[in-house]
Amino acid sequence: MNAPATFSFDVPGDAARASELRRVKLLATAVLLATFASFIAARMLLPIHPAFGFIAAFAEAATIGGLADWYAVVALFKRPLGLPIPHTAIVQSNQRRIADKLGEFIEVHFLEAAPVEAKLRQVDFGSFIADWLRDRKKSEDLARFALRLLPEAVSATETSGLMTFITRRVTSQLVSIDLAPLAAGTLRGFVEEGKHKDLLDDIFRAIHQTLTTPETMSVIREKIRAELPTLLRLYRADKFLVNRIVASATSFFEEVCNDPKHPFRAEFNQMLLSFVDKLGTDPAFAKRIDGLKRDLLARPELGALAKNVWSNVRTFFERSATGETQVLQQYLTKMLVEAGEALAGDAELRGEINQGLVAVLTSFIADQKSGVSTFISDQVKSWNMAQLISLIEINIGKDLQYIRFNGSLIGGLAGLALYTLEYLLRLV
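Because the structure is predicted, anything quoted here is derived from the model rather than measured.

Here is what the cut-offs are and how they apply
- Residues numbered from 1 in each chain as written.
- Predicted model: local features only at pLDDT ≥ 70, side-chain atom pairs only at ≥ 80, totals over all residues.
- Heavy atoms only, no water.
- Helix = DSSP H or I, 4+ residues; strand = E, 2+ residues; numbered from the N terminus.
- Buried < 20%, exposed > 50% of the residue type's maximum accessible area, 1.4 Å probe, protein only.
- Areas by Shrake-Rupley, 256 points an atom, 1.4 Å probe, with all protein chains shown as cover.
- Expected span 1.5 Å × (residues − 1).
- Core = buried A, V, L, I, M, F, W, Y, C linked by side-chain atoms within 4.5 Å.
- Contact = heavy atoms within 4.5 Å.
- Axes fitted to C-alpha atoms, helices over the stretch in contact; angles between N-to-C directions.
- Left-handed = near helix turned anticlockwise from the far one by under 90°.
- Nonpolar A, V, L, I, M, F, W, Y, C, P; charged D, E, K, R; others polar.
- Phe/Tyr/Trp six-rings, centres within 6.5 Å; stacked < 30°, edge-to-face > 60°.
- Patch = residues over 30% accessible without salt bridge, like charges linked within 9 Å, V, L, I, M, F, W, Y side chains within 5 Å.
- Salt bridge = Lys/Arg side-chain N within 4 Å of Asp/Glu carboxyl O.
- pLDDT = per-residue confidence, 0-100.
- Bend = angle between axes of the 7 residues up to and from the residue.
- Polar contact = N/O pair within 3.5 Å; in protein donor to acceptor, adjacent residues only side chain to side chain.

Draft legend 1. Quick peek at the overall build of the protein chain. Across its full length, the protein chain holds 19 helices and zero strands. Among the 428 residues that make up the protein chain, the fraction classed as buried is 25%. For the protein chain, the computed accessible surface area is about 28,500 Å², with 64% contributed by carbon and sulfur atoms.

Draft legend 2. Main features of helix H16 (residues 300-322). Helix length check: H16 (23 residues) gives 33 Å between terminal C-alpha atoms against 33 Å at 1.5 Å per residue, within 8%. Two residues or fewer after H16 comes Gly 323, characterised by a positive phi angle close to 85°.

Draft legend 3. The nonpolar core, seen in detail. Core analysis: the largest hydrophobic core is formed by eight residues, namely Leu 133, Ala 143, Leu 147, Val 154, Phe 317, Leu 328, Leu 332 and Leu 336. At the level of elements, helix H7 (136-159) and helix H17 (327-344) are the ones that each hand at least two residues to this core. The residues touching Leu 133, leaving out its near neighbours within four places in the chain, are Ser 139, Leu 142, Leu 336, Val 337 and Gly 340.

Draft legend 4. Seen up close, the packing of helix H6 (residues 125-134) against H17. Running from amino to carboxyl end, H6 crosses H17 at an angle of 145°, the nearest separation of the two axes being 7 Å. With respect to the hand of their crossing, H6 and H17 are arranged in left-handed fashion. Touching Gly 126, Ile 129, Ala 130, Leu 133 and Arg 134 of H6 are Leu 336, Val 337, Gly 340, Glu 341, Leu 343 and Ala 344, all from H17. Residue composition of the contact of H6 with H17, by class: seven nonpolar, two polar and two charged.

Draft legend 5. How the structure looks around the packing of aromatic side chains. Following the criterion strictly, the structure yields three aromatic pairs and no others. With centroids separated by 5.1 Å and ring planes inclined at 85°, the aromatic side chains of Phe 54 and Tyr 419 adopt a geometry described as edge-to-face. Remark: Tyr 419 occurs in helix H19 (residues 385-427) and Phe 54 occurs in helix H2 (residues 51-77); sequence separation between them is 365 residues. By relative accessible area, which is 25% here, Phe 54 ends up partly exposed. Each residue in the set Phe 54, Tyr 419 and Tyr 423 is aromatic and connected to the rest through ring pairs, giving one cluster.

Draft legend 6. View of a nonpolar patch on the surface. Together, Phe 165, Ile 166, Val 170, Leu 174, Ile 177 and Leu 182 make up an exposed nonpolar region whose accessible area comes to about 510 Å². At four residues, helix H8 (residues 162-176) tops the list of elements feeding residues into the nonpolar patch. As for its placement among the helices and strands, Leu 182 is situated in helix H9 (residues 179-192).

Draft legend 7. Inspection of the pattern of salt bridges at higher detail. In total, this model carries nine salt bridges according to the counting rule given. We note a salt bridge from Arg 134 to Glu 341, for which the minimum N-O separation is 3.7 Å. Here Glu 341 lies in helix H17 and Arg 134 lies in helix H6, a separation of 207 residues in the sequence. One salt bridge in this structure joins Arg 144 and Asp 141, with 2.9 Å as the shortest N-O distance. Of this pair, Arg 144 and Asp 141 both sit in helix H7, three residues apart, which is roughly one turn of that helix.

Draft legend 8. View of the environment of Pro 115. Assignment of secondary structure puts Pro 115 in helix H5 (residues 113-121). Expressed as a C-alpha distance, the spacing of Pro 115 and Thr 362, which sit 247 residues apart in the sequence, is 9.8 Å.

Draft legend 9. Molecular detail of the confidence of the model for the protein chain. Overall, the prediction assigns the protein chain a mean pLDDT of 78, with 81% of residues at 70 or greater. Scored below 50 in pLDDT, residues 231-235 shows four contacts in the model against residues more than four places distant or in partner chains.

Draft legend 10. Broad picture of H7. Relative to the 34 Å expected for 24 residues at 1.5 Å per residue, H7 spans 35 Å between its end C-alpha atoms, a close match to the ideal helical length. At Leu 150, H7 shows its strongest bend, of approximately 30°, with the proline Pro 151 following within four residues. If you check which residues of H7 are buried, you get Ser 139, Ala 143, Leu 147, Val 154 and Thr 157. Two to three positions downstream of the cap, the backbone nitrogen of Lys 137 sits 3.0 Å from a side-chain oxygen, assigning the N-cap of H7 to Asp 135. At the exit of H7 stands Gly 161, carrying a positive phi of roughly 85°.

Draft legend 11. The side chain of Arg 404, seen in detail. In this fold, Arg 404 is placed in helix H19. Setting aside chain neighbours within four positions, we find Arg 404 in contact with Lys 25, Ala 28, Thr 29, Gly 66, Asp 69 and Trp 70.

Structure below.
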């Protein structure tokens, strides 16, 4: 069983309130003693003058009233004079029932769906979130906190097998993608936008530059020389042929590049469109592309590349978490601030956020209110009642002591009225 909960009495002002309570208690006790002494004195002086009868009646009733209210105040929390009188120490004796009723009261009257929802609708969660994010210092702290969690999240991802699962899922998704229609659509758009014209020009320029290099011309010359008869080699026909081939090719490339309406361009367009059509409809092309895709995904180099990329990403996260690099933190902070600015300017989105949070919190409180009731009940049952009563007395005991003053005054006046009535009846 848990030990009873304890309370702190170091709240500012408690010492002064405790001192004031002691003073009022002493004053109330002094009033009680004074009325009792007055009653004795008045009764002793009654033979001297009838007026002392009125004083005695007031003092007697005031003493009885003061005693009765002293008993009532003490009996609420303790047993008067330590005596086991029934129906005293009411709070202590009913601790468990009070705990259950308090929990039930809070559940029924404070955590009902209607008042909770009405109170939540008064809160502008969207504006609060927007203002919070727009504060650069707060967004910076949030970004720094998120980055500190990144290395642990990465480590958990690796050790939990989540990374393997993600890799398999990504691979299976890539394998299931039909690349042929995708490639055909991409190429068709490429041709329709006319980007293939620049590509053709770039290809011709690259071929021209390659053909005119001494190394390429030497290779071509050697190939031609090897195919020529011996007699032609003696007359250096290979050099002549190489020069003629390069000159003809260069002239052709220049004609195509300089003439947008050159017939070869139309043939090139037709060739590309024909290839695109076959790529999108010919099963053979689709099968070949699918085979290339599977071969590429099965290559060990791709796995090594993925591991290398992941290792670099993890290192970057670790450096960002330690503050070694501020790039990611600055970017994340900027993103959060911009999100706050955007949210502040979007009343519709803020309204949706408010509505969503109200629905979520209302449902959550409705599901948990019985647990809250039980928690409150259990907490009250675990309280140290002696300490709690002392705490209550410190805070409201002064007002309770004034009940004793009122009891003495009201009792005294009632006794005086009754004695006066009796005195008058005797005179009749």
